[in-house]
Amino acid sequence: MPTVSVGRDRLFTALGRSYTQEEFEDLCFSFGIELDDVTTEKAIISKEKHLEEEKPTADDEIIYKIEVPANRYDLLCLEGLAQALLVFNGKEKIPKYTVANISKASMLKMHVKKETSLIRPFIACAVLRGITFDEASYNSFIDLQDKLHQNICRKRTLVAIGTHDLDTLQGPFTYEALPPPEINFVPLKQAKNFRADELMEFYKSDLKLKKFLHIIENSSVYPVIYDRNRTILSLPPIINSAHSAITLKTKNVFIECTATDLTKAKIVLNTMVTTFSTYCKRKFEVEPVEVISFDGKSSVYPDLSEYNMEVPLSYITGSIGVPLEVDEVTSLLKRMQLDAEKAESGEAKISVSVPPTRSDILHPCDVMEDVAIAYGYNNIPKRTLSSLKPLPLNQLSDLIRYEIAMNGFTEVLTWILCSKKENFEMLNRKDDKSTAVIIGNPRSSDFEVVRTSLMPGMLKTVGHNKDHPKPIKIYEVGDVVLLDEKKDVGASNRRLLGALYCGANSGFELIHSLVDRIMEVMGTPFVPVGDKSGYFIELSNEPEFLSGRQAKIIYKGGRIGIFGIVHPEVLNNFDIPDPCSFLELDIESFL
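What you are looking at is a predicted structure, and each value in this text was computed from that prediction instead of being measured. (Residues numbered from 1 in each chain as written. Predicted model: local features only at pLDDT ≥ 70, side-chain atom pairs only at ≥ 80, totals over all residues. Heavy atoms only, no water.)

(A) Summary view of the sheet that holds strand 2 (residues 34–40). The strand order across the open sheet built from three strands is 1-3-2, with neighbouring strands paired in antiparallel fashion. Two strands close off the open sheet at either side, each with one partner strand: strand 1 (3–7) and strand 2. Taken over all neighbouring pairs, the strand axes of this sheet differ in orientation by 25° on average, direction set aside. In terms of strand pairing, strand 2 meets strand 3 (residues 62–67) through six bridges, oriented antiparallel. (Pairing = 2+ DSSP bridges. Helix = DSSP H or I, 4+ residues; strand = E, 2+ residues; numbered from the N terminus. Axes fitted to C-alpha atoms, helices over the stretch in contact; angles between N-to-C directions.)

(B) Examining the nonpolar core more closely. The biggest cluster of nonpolar side chains holds 96 residues, and the ones touching the most others in it are Phe 24, Ile 66, Met 110, Leu 148, Phe 254 and Ile 255. Take this core: its biggest share by element is seven residues, from helix 4 (residues 78–88). Beyond its immediate stretch of four places on either side in the chain, Met 110 contacts Ile 123, Cys 125, Phe 173, Thr 174, Tyr 175, Ile 225, Phe 254, Val 289, Glu 290, Val 291 and Ile 292. Counting residues in hydrophobic clusters, the runner-up holds 24 residues, among them Phe 409, Val 477, Ile 518 and Ile 553. (Core = buried A, V, L, I, M, F, W, Y, C linked by side-chain atoms within 4.5 Å. Buried < 20%, exposed > 50% of the residue type's maximum accessible area, 1.4 Å probe, protein only. Contact = heavy atoms within 4.5 Å.)

(C) Expanded view of the pairing of strand 15 (residues 285–292). Most of strand 15 is tucked away: seven of the eight residues are buried. In this sheet, strand 15 lies alongside strand 4 (residues 98–99) in parallel orientation, the contact comprising two bridges. If you follow Thr 98 over to strand 15, its bridge partner there is Glu 285. Both strand 5 (residues 108–112) and strand 15 contribute to a ladder of four bridges, which runs parallel. Looking at the pairing, His 111 lines up with Ile 292 of strand 15. Judged from the two bridges that link them, strand 6 (residues 122–128) and strand 15 form a sheet pairing that is antiparallel. Considered in strand 15, the bridge of Val 127 is made with Glu 287. Across four bridges, strand 15 lies against strand 16 (residues 298–301) in antiparallel orientation. Across the sheet, the residue bridging to Ile 292 is Ser 298, located in strand 16.

(D) Expanded view of the packing of helix 1 (residues 8–15) against helix 4. In contact at an axis separation of 9 Å, helix 1 and helix 4 are set at 40° when each is read in the N-to-C sense. Comparing the axis directions of helix 1 and helix 4 gives the class oblique. Handedness of the helix 1/helix 4 crossing: right-handed. Note on element contacts: helix 4 touches helix 1 through Leu 78, Glu 79, Ala 82, Leu 85 and Leu 86, opposite Arg 10, Leu 11, Ala 14 and Leu 15. (Parallel < 35°, antiparallel > 145°, perpendicular 65-115°, else oblique. Left-handed = near helix turned anticlockwise from the far one by under 90°.)

(E) View of the pattern of salt bridges. Per the counting criterion, the structure on display carries 34 salt bridges. Among the ionic pairs, Glu 411 bridges to Arg 401, the shortest N-O distance being 2.8 Å. Placement of the pair is Glu 411 in strand 20 (residues 410–411) and Arg 401 in helix 11 (residues 392–406), with a sequence separation of 10 residues. Where Arg 494 meets Asp 586, a salt bridge forms, and the shortest distance between an N and an O atom there is 2.7 Å. Placement of Arg 494 in strand 24 (residues 491–502) and of Asp 586 in strand 28 (residues 580–586) is noted, with a sequence separation of 92 residues between them. According to the relative accessible area criterion, Asp 586 is buried, its value standing at 13%. Among the charged side chains, a salt-bridge network with shared partners connects Lys 96, Glu 306 and Asp 339. (Salt bridge = Lys/Arg side-chain N within 4 Å of Asp/Glu carboxyl O.)

(F) Representation of the packing of aromatic side chains. Evaluated as defined, the whole model comprises 18 aromatic pairs. An angle of 65° between the planes, with centres 6.1 Å apart, marks the rings of Tyr 19 and Phe 24 as edge-to-face. Taking the ring centre of Tyr 19 as reference, the NZ or CZ of Arg 17 above it sits at 3.9 Å. In this structure, Arg 156 packs its charged tip against the face of Phe 212, placed 3.9 Å from the ring centre. (Phe/Tyr/Trp six-rings, centres within 6.5 Å; stacked < 30°, edge-to-face > 60°. Lys NZ or Arg CZ within 6 Å of the ring centre and 35° of its normal.)

(G) Representation of the sheet that holds strand 18 (residues 339–342). Taken together, the three strands give an open sheet; going across it, the order is 17-19-18, and neighbouring strands pair in antiparallel fashion. The sheet is open, and its two edges are formed by strand 17 (307–312) and strand 18, each paired on a single side. Ignoring which end each strand starts from, the neighbouring axes of this sheet average 25° apart. Where strand 17 meets strand 19 (residues 349–354), six bridges bridge the pair, whose relative direction is antiparallel. Among the inter-strand pairings, Tyr 307 is bridged to a residue of strand 19, identified as Val 354. Together, strand 17 and strand 19 form the strand contacts of helix 8 (residues 313–320), whose direction differs from that of strand 17 by roughly 65°.

Right, here's the structure in full:
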């Protein structure tokens, strides 16, 4: 969870009153954040420099370290915190953020060159006009960038923020990607002119910037932003130019967010401009910038429009466990900066307007959570949790576990994530692109997809324990995930049973007998082919099993499982020298 350090006295001034530490802790708890620590500026510096901590004096500024939710990017600085708490306490109304009403002809332009698609393809821009900084707000502006870089920007890999004194530049701007030797400029806090490739070497000894070099260092081209006079603004995501550095005297700030993820770039840009537009001459107004792609496509940023979501009242009250009326719910949501009113449809629904500051509101459950926070978790009456009564699926899973264990099998638990190769190629399967859920930013090649079968994990288990005395008899009852367009999240979970026998012989007859035993305890009789009153087996032709030594299980007219002797190529792929038989059964089919 991110921690935001703010000056206590400055925060209290922004909130319009002083609090005792206990009162402020209660306010934080009510709003869903936490006062994590109380310290001083001197103590923080001493800790960073590993010096002996000095005793605080009366003149030391008290610093509050406040822990905020990881998805609340609008709370990562004092300005955002103060605004949210003022609205929560009813001292201010929900701010309305607007884009300045200017024609496209009058807008600043950012032209994107085709070569940027090779390295960092997206950019979004905006201007804060007539802004007034003091030392505290300036430091807060810089600190918010750092917090966003560490959080949603994923250490600048997804988004990098550049802020510039617009009065030192002339539009239109161009976003290009050039070979490193062709880029020359004076970087921020330096007096010497550097070539981009020289700059990479220079910053390898810089404790702060060296951890970002890998993002572009090995690319044949580096992203770079120019103004009309070919003055460089920045070399994203590494460093800005000294020429356009913002200062306390800056009145017009040009903000650019280069990115590999356009959605994240929009969120970051919106967070920056909405938070600090409070210091603009026209409060909460932001000047747009037109971004023109190399293919002629035009986009205007930022998009500060609100989007509407309808949430059934029954969903909110049922989840929280408190009988609330529509008016009560809308009032609670307004305290959380969500404008809400009763929907026009006949049934009781809440129409919620989600502002550009609340990118964390993605689903009705997020709206329900805000209602619960505003109502007060301590005010929600205690009740017996429905989870104390096991779900039918979990009860059935436990019964099946017990029965298989009685047959001499040992339970294993394997990762629900695996590599594409393990899920498809190593099982002799082809990836049809319509089955597996792909992980967008996997930390390693071992966790690229959500498994669609229990087979890879169980074969890996045997492969890593092949020296174990034979036979090896293992089973797993676990979930797999399949793409499903009918679900609002685009995928659905299925609870499967997997059982594997590995020994001197294949053990096919033992796996077959296990199928019969499971069906017997489920009260499902073996019936002739075509009869829907029970189950029967038919020859199957799956690539992970030996041809002619495999069968699919048909129950009530549909396939619910498969068993057979594992193909030797598959065994070789998992480094298993002994023959194996495997069973996979969809146990949700029995519910």
